[in-house]
Amino acid sequence: MDVIKLRSACEQLLPLLDDVVYSKPTSKFLLSALLEKTIELINSGHTSDDLMFTAEDLVSLVKTGTYDVGQIKKFKADHYKGTNDLLDKVNELKKERNSSSSYFKLKLSDTGEKGGSKKHHYLDFDEIKVDISNKNDNSTVKRDMSADIYYEAIQLPKPVWYAKPFMSIELTHWRLKLYFIIPISLLIIAYYLLFSSIFSPTSKEVINLTLFASFMIVIWKPLIPFFLVNDRRIVIAPKWMLNLKQVTAQLESVKLDKLKSNGRPYRKIILVIYEADCPICGNKVVIYQGKREFKGRLIGECNESPREHIFSFDHVKQSGNKLR
Ligand SMILES: [Zn+2]
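Read on for a plain summary of the structure. (Residues numbered from 1 in each chain as written. Predicted model: local features only at pLDDT ≥ 70, side-chain atom pairs only at ≥ 80, totals over all residues. Heavy atoms only, no water.)

1. Focus on the packing of aromatic side chains
Condition: Under the pairing criterion, centres of Phe, Tyr and Trp rings, with the six-membered ring standing for Trp, must be within 6.5 Å; the plane angle then separates stacked pairs below 30 degrees from edge-to-face pairs above 60, leaving the rest tilted. Strands are runs of DSSP state E lasting at least two residues, helices are runs of H or I lasting at least four, and both sets are numbered from the N terminus onward. Relative accessibility thresholds used throughout: buried, under 20% of the residue-type maximum; exposed, over 50%; partly exposed, between the two (1.4 Å probe, protein chains only).
Counted by the stated rule, this structure contains 6 aromatic pairs. For the ring pair Phe104 and Phe125, a centre distance of 6.1 Å and an interplane angle of 90° mean the geometry is edge-to-face. Of this pair, Phe104 sits in strand β1 (residues 104–110) while Phe125 sits in strand β2 (residues 121–128), and the two are 21 residues apart along the sequence. Of the two residues, Phe104 and Phe125, neither departs from the other in class, the shared state being buried. Centre to centre, the rings of Trp161 and Tyr162 are 5.4 Å apart; their planes meet at 85°, and the pair counts as edge-to-face. One aromatic cluster is present, built from ring pairs that chain together Tyr151, Tyr274 and Phe313.

Right, dumping it as structure tokens:
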């Protein structure tokens, strides 16, 4: 499940709830809480596998206090179908009001009871006609049917605490200026120090140049992905931003709705993890920086056969083809 698409769908349906005439207030309350909670879980870095609710969780979304098994069953029997019917109505309203060709339908699904584990409920797509993700809002992208592999943004991970100020940076106003001023100022300082140590090579000038060069080596490498992402739109996120359990993540530059005076959209840098299921063996395909013949590209590598099951990665089409 793609969390960016799911969050966008929940955000689009939530305001429509008030406009739907429905006689069961508890179902309305439950659906509203379910949409809000799903958005909250995605924003706090949960993976698509975590966006699940047991029947007990559903009760606690709308009621306080503790409930026994019988009461939980009764709650579900009374309100679950109503909530699903209401969701259908909201989907319909969304379709009616949507002037563009983009269309999706959300439904309530469940995992079933497997091996004694509890049944879990979750919001899922029943139908997506075209891509509804915000990042491609002005240029809806159809799923490439000839692709070998399909990627999904499975998580908007929470970075380590010291990386938080760098997260979800909206490059607008002063932030945008700073984003360009930092590298330009560093370049000017570098030129100044270089020329002053060439033309008047005193020990002070040489020490300054050496200190500046060491500072750049330490600072530049961890920060360079933030500058590369503006050109390349998606890069591998630096390791220092990630929690230990995260193997790899990507920094992506996504379009915002606001337009600059030159007509181009403002952008935002987000931390995201794209993954896919390997079409050959069914294991996880994770995104890495390509090496050797794939230098300069991001590629999808299968966890179980990282040398043979290798795929291209197009983050706009969210698909790829076998490279080897
Ligand atoms: Zn594989």
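2. Details of unusual backbone geometry
The backbone phi angle of Arg233 is positive, close to 70°, even though this residue is not glycine. Locating Arg233 in the fold gives a position in the loop between α6 (203–232) and β6 (234–236). On the basis of relative accessible area, Arg233 is assigned to the partly exposed category, the value being 29%. Of note, the phi angle at Arg292 is positive, near 50°, even though the residue is not glycine. Mapped onto the elements of the fold, Arg292 is located in the loop between β9 (284–289) and β10 (298–302). Overall, Arg292 belongs to the exposed group, its relative accessible area being 71%.

3. Some thoughts on the nonpolar core
Here is a general trend for soluble globular proteins: nonpolar side chains tend to be buried in one another's company. This is how the line gets drawn: For the purposes of this section, nonpolar cores are sets of buried Ala, Val, Leu, Ile, Met, Phe, Trp, Tyr and Cys residues that join through side-chain atoms within 4.5 Å. Between two residues, a contact is recorded if the distance between any of their heavy atoms is within 4.5 Å.
Counting residues in each nonpolar core, the largest one holds 51 residues, and the members touching the most others are Leu106 and Tyr151. Residues within four places of Leu106 in sequence aside, it is in contact with Leu6, Ala9, Cys10, Leu13, Leu35, Leu87, Asn91, Asp124 and Phe125. If you look at the next biggest cluster of nonpolar residues, it comprises 20 residues, including Ala163, Leu176, Val229 and Ile273.

4. Focus: the packing of helix α5 (residues 173–199) against α6
As a reminder of what qualifies: Angles run from 0 to 180 degrees between N-to-C directions of axes, and those axes are lines fitted to C-alpha atoms, restricted for helices to the stretch in contact. Oblique is the label for any angle not covered by the other classes, which are roughly parallel (under 35 degrees), roughly antiparallel (over 145) and roughly perpendicular (65 to 115). Put simply, a crossing is left-handed when the front helix is turned counterclockwise from the back one by less than a right angle, and right-handed when it is turned clockwise. Note on residue categories: nonpolar means Ala, Val, Leu, Ile, Met, Phe, Trp, Tyr, Cys or Pro, charged means Asp, Glu, Lys or Arg, and polar means any other residue, Gly included.
Between α5 and α6, the least distance of the axes is 11 Å, while the angle of their chain directions is 155°. Between α5 and α6, the interaxial angle falls into the category roughly antiparallel. In terms of crossing hand, the pair formed by α5 and α6 is left-handed. In this structure, α5 contributes Tyr179, Phe180, Ile182, Pro183, Leu186, Ile189, Ala190, Leu193, Leu194, Ser196 and Ser197 to the contact, and α6 contributes Glu205, Val206, Asn208, Leu209, Phe212, Phe215, Met216, Trp220, Phe226, Phe227, Val229 and Asn230. Grouping the constituent residues of the contact of α5 with α6 by class yields 18 nonpolar, 4 polar and 1 charged.

5. Some points on empty space enclosed by the protein
Put simply, the rule reads: Lining residues are defined by having an atom within 4 Å of a point belonging to a cavity or pocket. Those points lie on a 1 Å grid over the protein atoms alone, cavities being sets where a 1.4 Å probe fits but cannot get out and pockets being open sets with protein on both sides within 12 Å along at least five of seven lines. Grid points are joined across faces, edges and corners, and a volume is the space filled by probe spheres set on the points.
One pass over the structure, following the stated rule, counts 1 cavity of 30 Å³ or more. Lining the largest cavity, in full, are Leu30, Leu58, Phe75, Lys76, His79 and Tyr80. At 4 residues, helix α4 (residues 69–97) tops the list of elements feeding residues into the lining of the largest cavity.

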